[in-house]
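Now for the letters of each chain:
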Amino acid sequence: MNENIYPWALWMIGLSLLLMFSMRSWYVSGGDIITENQLFQLTSIKYIWNLANFKDAYNSCLSITILPNVLNNFLKIQGDYIFKIFNQIIYSIFPIIIFLISKKYLIDKILTFLSVFFVIIFEGFIESSPMHIRQEIAFIFFSLMILILLTNDLFFNSIKILFILFGFSMIVSHYSTSYIAITFFILTYISSFIWRKFKNMEIGKGKIKKIRSRFCLTIELTLLILLFGFLWLSQITQTSSGLVNVAESSIKQINNIFQEENNMGQISSYNDLLQNYTYELNIKYNTLYKIKLYDNIKIKEYYSRAINPEILSYKISIGFINIFGFYKILKILIQILIIMGGFYFLFFKIKKNNIERLIMVIISTLFLVLIKLLPFVNSTYDPMRFFYQMIILLSSFLILGFLFFLKFISKNRIYFVITTIFIVYFLYSSGFLAQIIGGQAPNLQLNNIGDKYNMWYTYNEKNTAINWFILNENNKDILFVNNYDMRRFQVSSTSLNYRVFQGILPSTVSPGAYVYSDKTNILKNKAYLFPNNLVVPYNFPTEFLNENKNKIYNNEGSEIFK
């Protein structure tokens, strides 16, 4: 088979999976992508990018403000389709870049193809990436930085220029990706520096012969990336506070992480979380923001309670077999194989003139181990996004892990075993098995039901209601909305930046405030809060709002109370 078929196949498969999510709804749908799209629209309307337009870390990302406007000036199409189609086309080259990186570690083209195939069937690619445009662009530049360091047939000055160009582009694209990448390159340089010093001492003593090894990551490149990152993230855009918040929140979670892990999934635990979070919001709004709340006598008869997440009904009886428990085992197995593959590469596959490549492998593997051993970090930063950034290098070692355990069987059988496992993994990660069997949360790509659909899907009535509110509100009173709708309102009107609050609860809503309810609140009597980054569905206080407020807007998909 022609070798050129492999990258083309990866590109087409990857693009189809990205579009499967991004093309849901006539409008931009998802989590962070809603805010990203609105910041693009805000920059377009004002004809200038300015941090003062919307004081938020998202606005520091040029990948969602300036870049889509540049594309729009050339393409002249509706802005939503820049995010829904063209950004996905750009990101679809990401698997091809990983293919080129994997070729540095794997000689066999079929195994190289399979290593990248795992990347595009991973949940982080199928569902998370299309919702995080700034991360998509940053990942492209981060992977290009690694590819440049691993490329031996370029002049050293060319490597320096391209590394700096890609590094600066990554930093202005996404802050979280940049924190991890800068840490990764600093540790890589420090490790290579220590190794060189140690080997020079050994050579000087005559214990070993001089080894010719090329080191592309110099002190100058490392310091330039670090300096530009400091200037952009800390001084110009001032987004480094997010890194401090993650560290502080992670430390606070150490004491109770094990208790929470044991209790999660029980409705009583969710009720406790909801009540504690409601109390915290009540105190915060009453003391910090001086928001006047309803008296306790009026709200005591309205009890907020956690309700069960929506799941697909069982279509096939599987008896005592926990088929989705096998999926968890499969994910753990893959992580073990990646770690084993790293050790296999370290002790059996590495060439003596590829020390820098070896060090990058060790750092990536350590990052993977740390994110598993420090679960309290998971409550403040999505571990799947962290893992997905490291998979740029680690996907090759998943294949090496398979080779370590399957080295006694023929090559064709190795292909068959790996392909079979990956297909099974894809059936899980894509939601196909859940769709056939039932009993799991519905995927947004395949359903018009479920918690993800309720929170992320964008429909016309919501956009119409927001536009009506911006035109008719009194520019004075505060507004209570669902957590996932906060940024929609804040970006739509700068006057709302500090007047939008989450938590539509009898104990937190102010008597004089506006309240916005969406289709999920109206039709399903359900809303969501996010204590400790956990999604907790609860009963929406429809009766309370009808009895204590006036309905001033209704388009049969959204309502606004005053």
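See above for the structure.
All residue numbers here refer to positions counted from 1 along the written sequence of the relevant chain. This being a predicted model, a pLDDT of at least 70 is required before a residue's local features are given, and a value of 80 or more before pairs of side-chain atoms are given or counted; all residues contribute to the totals for chains, interfaces and linings. Hydrogens and water molecules were not included; the side-chain quantities draw on all heavy atoms of the structure.

1. Quick notes on the packing of aromatic side chains
Between rings of Phe, Tyr and Trp, where Trp is taken as its six-membered ring, a pair exists when centres lie within 6.5 Å; planes separated by under 30 degrees are stacked, by over 60 edge-to-face, and by other angles tilted. Summed over all chains, the structure comprises 40 aromatic pairs. Arranged with centres 5.6 Å apart and planes meeting at 40°, the rings of Phe40 and Phe83 form a pair that is tilted. Taken together, the residues span a long stretch of sequence, with Phe40 in helix α2 (residues 32–46) and Phe83 in helix α4 (residues 80–91) at a distance of 43 residues. Across this residue pair, the class does not change: Phe40 and Phe83 are buried. Each ring is checked for a lysine NZ or an arginine CZ that lies within 6 Å of its centre and within 35 degrees of its normal; such an atom marks a charge sitting over the ring. Positioned over the ring face of Tyr58 is Arg134, at 4.3 Å from the centre of the ring. Over the face of the ring belonging to Tyr514 we find Lys562, whose NZ or CZ atom lies 5.1 Å from the ring centre. Each helix is a run of H or I in the DSSP string that is no shorter than four residues. Each strand is a run of E no shorter than two, and both are numbered from the N terminus. With a 1.4 Å probe rolled over the protein chains alone, any residue whose accessible area is under 20% of its type maximum counts as buried; one over 50% counts as exposed, and the rest are partly exposed.

2. Quick word on the environment of Gly503
When you line up the elements, Gly503 lands in the loop between β2 (500–502) and β3 (514–517). Each C-alpha atom, one on Gly503 and one on Tyr528, is 8.2 Å from the other, the two residues being 25 residues apart in sequence.

3. Topic: the nonpolar core
Here, nonpolar core means buried Ala, Val, Leu, Ile, Met, Phe, Trp, Tyr and Cys residues that are tied together by side-chain atoms lying within 4.5 Å of each other. Grouped together as the largest cluster of nonpolar side chains are 112 residues, with contacts concentrated most on Phe184, Phe185 and Phe422. Per element, the largest residue contribution to this core is 15 residues, and it comes from helix α18 (residues 383–406). By the convention used here, residues are in contact when the closest approach between their heavy atoms is within 4.5 Å. Beyond its immediate chain neighbours, meaning those up to four positions away, Phe185 contacts Phe142, Met145, Ile146, Leu149, Phe163, Leu217 and Thr222. Counting residues in hydrophobic clusters, the runner-up holds 28 residues, among them Tyr277, Tyr294, Val509 and Tyr538.

4. Describing unusual backbone geometry
Of note, Asn525 is a non-glycine position whose phi angle comes to about 50°, a positive value. Looking at the element boundaries, Asn525 is found in the loop between α24 (519–524) and β4 (526–529). For Asn525, a relative accessible area of 36% puts it in the partly exposed group. Phi at Glu556 is positive, roughly 70°, even though this residue is not glycine.

5. A few points about the pairing of β4
As a general feature of sheets, a regular strand has side chains that alternate between the two faces. Burial along β4 is two-sided: Lys526 and Tyr528 and Ala527 and Leu529, pointing in opposite directions, are all buried. Whether two strands pair comes down to DSSP finding at least two bridges between them. Direction of pairing for β4 relative to strand β5 (residues 536–539): antiparallel, over a ladder of four bridges. Bridge pairing in β5 places Leu529 opposite Val536. The turn linking β4 back onto β5 is made up of six residues, and Asn532 within it adopts a positive phi angle of 55°.

6. Here we look at the sheet that holds strand β6 (residues 551–554)
The strand order across the open sheet formed by five strands is β2-β1-β3-β7-β6, and the pairing between neighbours is mixed. Each of the sheet's edge strands pairs with one partner strand only, and the pair in question is β2 and β6. Direction aside, the axes of adjacent strands within the sheet are offset by 25° on average. In the sheet, β6 pairs with strand β7 (residues 559–561) via three bridges, with the strands oriented antiparallel. Opposite Lys551, over in β7, you have Phe561 as the bridge partner. Strands in contact with helix α22 (residues 460–472) are β1 (479–481), β3, β6 and β7; relative to β6, the strand with the most contacts, it is inclined by about 135°. Orientation is described by lines fitted to C-alpha atoms, with helices fitted over the stretch in contact, and by angles between N-to-C directions that extend from 0 to 180 degrees.

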